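Structure at a glance
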Amino acid sequence: MRETLENMRDEAIDSVAKIDDLKQLDDLRRKYLGKKGELTKVLRGMGRLPAQERPIIGSLANEVRTLIQTQLDNQRERLEERALEDRLSREAIDVTMPGARIDRGNLHPLTSVQNEIVDIFIGMGFIAVEGPDVELDYYNFEALNIPKDHPARDIQDTFYINDEMVLRTHTSPVQVRVMEAEEPPIKIVVPGRVYRSDDVDATHSPIFHQIEGLVIDKNVTMADLKGALDVFAKELFGKDTKTRFRPHYFPFTEPSVEVDATCVTCGGDGCRICSNTGWIEILGAGMVHPNVLRYGNIDPSIYSGYAFGLGLDRIVNLKYGIDDIRLLYENDVRFLKQF
Ligand code: FA5
């Protein structure tokens, strides 16, 4: 039995030294020291020994157990230390490594160009205001010198909510709302969404965006309008941009004009985008009609004003060379990421 114990001790010390994995170490512990382990088996057989040998073998068995246990503990400590070192070296942080790229969102081109345009006018002393999308027929038409039977109502195909209310067809209704609320001088820009029951095609959408401008003060003239719009076009499209006024008709301005800028794509030489004219229409404008001033409780014998309204969606398309307005509304991320 002594021999068995000594062999077991030598074999255990040998095996423990060779182990390099914590799981195998556990298996070894069970093999020697577990309930059904080899040492336990030997101890169970002790009853068969002569009485005088029992204490001697008992103390040897205890020594062997302590020795194997110590070897196992030491080996476990070494293996755990090594595992920790391995992990630390694997997880070492290289602070010079470039960080993981975070996919950043960006503003929709309609929003960023709207902000850019509003900022240009703010730079000229305008303030930005807003008005309601669901608008009274009165502000959308009546107060803009477009009575119920006026043919101009047909030009703007209107979504009616009821007899009194519409989805605004332009941002112009904010003109009279502001005139009613403020004393001149008035100098505002009004960005906003507008609605017309137009069929969808490359240049038309039933929901689109306008930016209205309104200036009212004493002695405001067409020259002020021309100056402001020329500065605006140069700021937005580049300093070589020129503008021109063409006579036009709007019921709420007199005289009325459409304003063209030299084509952004060809610089005025003529190309497909400008139908070889070198010019692109960018907005409608004019001197505020005296009737509209009266609707806004402003005396046209004292004050005069100019107003303009630009279609934001078409300007965004011009600026970025986008040939279809629908791209602005489909929200395909591959398209939007380009801005
Ligand atoms: C007006 O809406 C006037 N309120 C503008 C104005 C304001 C004139 C102040 C004078 C003084 P018009 O109907 O032309 O005007 O529309 C202005 C712009 O909106 C057009 O030049 C065009 O760029 C844009 N637009 C019109 N219909 C659509 C549509 N269905 N989709 C996209 N843009 C459109």
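Residues numbered from 1 in each chain as written. Predicted model: local features only at pLDDT ≥ 70, side-chain atom pairs only at ≥ 80, totals over all residues. Heavy atoms only, no water.

A few points about the overall build of the chain
Rules: The helix count covers DSSP runs of H or I at least four residues long, the strand count covers runs of E at least two residues long, and both are numbered beginning at the N terminus. Put simply, the radius of gyration uses C-alpha atoms, and a globule should come to 2.2 Å times the residue count raised to 0.38. Buried means the residue's accessible area, taken with a 1.4 Å probe over protein chains only, is under 20% of the maximum for its type, while exposed means over 50%, and partly exposed covers the values in between. Residue contacts are defined here by distance: any two heavy atoms, one from each residue, within 4.5 Å place the two residues in contact. Positive charges are assigned to Lys and Arg, negative charges to Asp and Glu, while His and the chain termini are left out of the count. Where a charge sits is defined by one atom per residue type, namely NZ (Lys), CZ (Arg), CG (Asp) or CD (Glu).
The helix and strand tally for the chain stands at 13 helices and nine strands. The C-alpha atoms of the chain give a radius of gyration of 43 Å, which is well past the 20 Å a tight globule of 339 residues would have. Principal axes of the C-alpha set define a box for the chain whose edges measure 135 × 50 × 40 Å. Across the 339 residues that make up the chain, the buried fraction comes to 41%. Across the chain, the fraction of contacts at a sequence separation of at least 24, relative to all contacts at a separation of at least 6, is 66%. Across the chain, the 42 positively charged side chains and the 56 negatively charged ones have centroids separated by 11 Å.

Points about the domain arrangement of the chain
This is how the line gets drawn: All the domain ranges listed were derived from an automatic or database domain assignment.
What the domain assignment lists for the chain is domain 1 (2-90) and domain 2 (109-336). Distance from the C-alpha centre of domain 1 to the C-alpha centre of domain 2: 91 Å.

Examining the sheet that holds strand S9 (residues 304-311)
The strands making up a sheet are joined through hydrogen bonds of the backbone, oriented either antiparallel or parallel. Inclusion rule: Two strands qualify as a pair provided DSSP detects at least 2 bridges between them.
Read from one edge to the other, the open sheet built from seven strands follows the order S1-S4-S5-S9-S8-S7-S6, with strand pairing classed as mixed. Either end of the sheet is taken by a strand with one partner, and the two such strands are strand S1 (127-128) and strand S6 (243-250). Note: strand S4 (residues 186-195) against strand S5 (residues 207-217), 10 bridges, orientation antiparallel. Within S5, the position partnered with Ile186 by the bridge is Ile216.

Comments concerning the packing of helix H5 (residues 109-123) against helix H11 (residues 312-320)
The test is simple: Convention adopted: a line fitted to C-alpha atoms gives each axis, helices being fitted over their contacting stretch, and angles between N-to-C directions are expressed from 0 to 180 degrees. Angular relationships are summarised with four words: roughly parallel below 35 degrees, roughly antiparallel beyond 145, roughly perpendicular across 65 to 115, and oblique for the angles in between. Ten residue types, Ala, Val, Leu, Ile, Met, Phe, Trp, Tyr, Cys and Pro, are classed as nonpolar, four, Asp, Glu, Lys and Arg, as charged, and the remainder, Gly among them, as polar.
As a packed pair, H5 and H11 sit with axes 10 Å apart at the nearest point and diverge in direction by 95 degrees. Taken together, the axes of H5 and H11 lie roughly perpendicular to each other. Touching Pro109, Leu110, Ser112, Val113, Gln114, Glu116 and Ile117 of H5 are Leu312, Asp313, Ile315, Val316, Lys319 and Tyr320, all from H11. Its residues assigned to classes, the contact of H5 with H11 shows eight nonpolar, two polar and three charged.

A closer look at the site of the ligand
Our working rule: Throughout, the term near means that a residue has one or more heavy atoms lying within 4 Å of the molecule or strand in question. Under the rule applied, a polar contact is a pair of N or O atoms within 3.5 Å (in protein, one hydrogen donor and one hydrogen acceptor; residues adjacent in sequence only if both atoms are side-chain atoms). Accessible surface area values rest on a Shrake-Rupley calculation with a 1.4 Å probe, where residue burial reflects the displayed protein chains alone.
As a structural note, the neighbourhood of the ligand is formed by 24 residues, with His170, Ser172, Arg196, Asp198 and Glu281 the closest of them. His170 places a polar side-chain atom, nitrogen or oxygen, 2.9 Å from a nitrogen atom of the ligand. Protein coverage of the free-state accessible area of the ligand, which is 680 Å², stands at 93%. Listed by contribution, the elements that provide at least two residues to the shell around the ligand are S5, strand S8 (279-288) and S9.

Overview of unusual backbone geometry
Cis geometry marks the peptide bond from Pro184 to Pro185, where omega comes out at 0 degrees. Structurally, Pro185 is set in the loop between helix H8 (173-181) and S4. Unusually for a residue other than glycine, Asn219 sits at a positive phi of about 60 degrees. By secondary structure assignment, the location of Asn219 is in the loop between S5 and helix H9 (222-237). In this structure, Asn297 is a non-glycine residue whose phi angle is positive, near 60 degrees. With respect to the helices and strands, Asn297 occurs in the loop between helix H10 (290-295) and S9. The class of Asn297 is exposed, set by a relative accessible area of 64%.

With respect to helix H4 (residues 54-90)
This is how it is decided: Multiply 1.5 Å by the residue count of a helix minus one, and that product is the helix's expected span.
With 37 residues, H4 should cover 54 Å at 1.5 Å per step; its first-to-last C-alpha distance of 53 Å lies within 8% of that length. Looking only at H4, the buried set comprises Ile57, Gly58, Leu60, Ala61, Val64, Ile68, Leu72, Gln75 and Leu79. Turning to H4, the residues buried within the fold contact helix H1 (2-18), helix H2 (22-33) and helix H3 (38-44).

Observations regarding a negative patch on the surface
Convention followed: Residues form patches when they are more than 30% accessible in relative terms and have no salt bridge. Like charges link within 9 Å. Nonpolar side chains (Val, Leu, Ile, Met, Phe, Trp, Tyr) link within 5 Å. Here, a salt bridge means any side-chain nitrogen of Lys or Arg that lies within 4 Å of a carboxyl oxygen of Asp or Glu.
Where like charges cluster on the molecular surface, the negative patch consists of Asp73, Glu77, Glu81, Glu85 and Asp86. Within the element layout of this structure, Asp73 appears in helix H4. The partly exposed category is assigned to Asp73, whose relative accessible area is 39%.

Details of the pattern of salt bridges
Tallying each qualifying case throughout the model produces 20 salt bridges. Across the pair Arg168 and Asp133 runs a salt bridge, and its minimum N-O distance is 3.3 Å. You can see Arg168 sitting in the loop between strand S3 (165-167) and H8 and its partner Asp133 sitting in the loop between S1 and strand S2 (134-136), a full 35 residues away along the chain. Taking the relative accessible area as the measure of exposure, Asp133 reaches 26% and is therefore partly exposed. When the shortest N-O distance is used, the salt bridge between Lys234 and Asp230 registers 2.8 Å. With Lys234 and Asp230 both in helix H9 and four residues apart, this pair spans about one turn of that helix.

Concerning the pairing of S4
Across the 10 residues that make up S4, a large majority, eight, are buried. Examined bridge by bridge, S1 and S4 share two bridges and lie parallel to one another. Note that in S4 the partner of Ala128 across the bridge is Val189.

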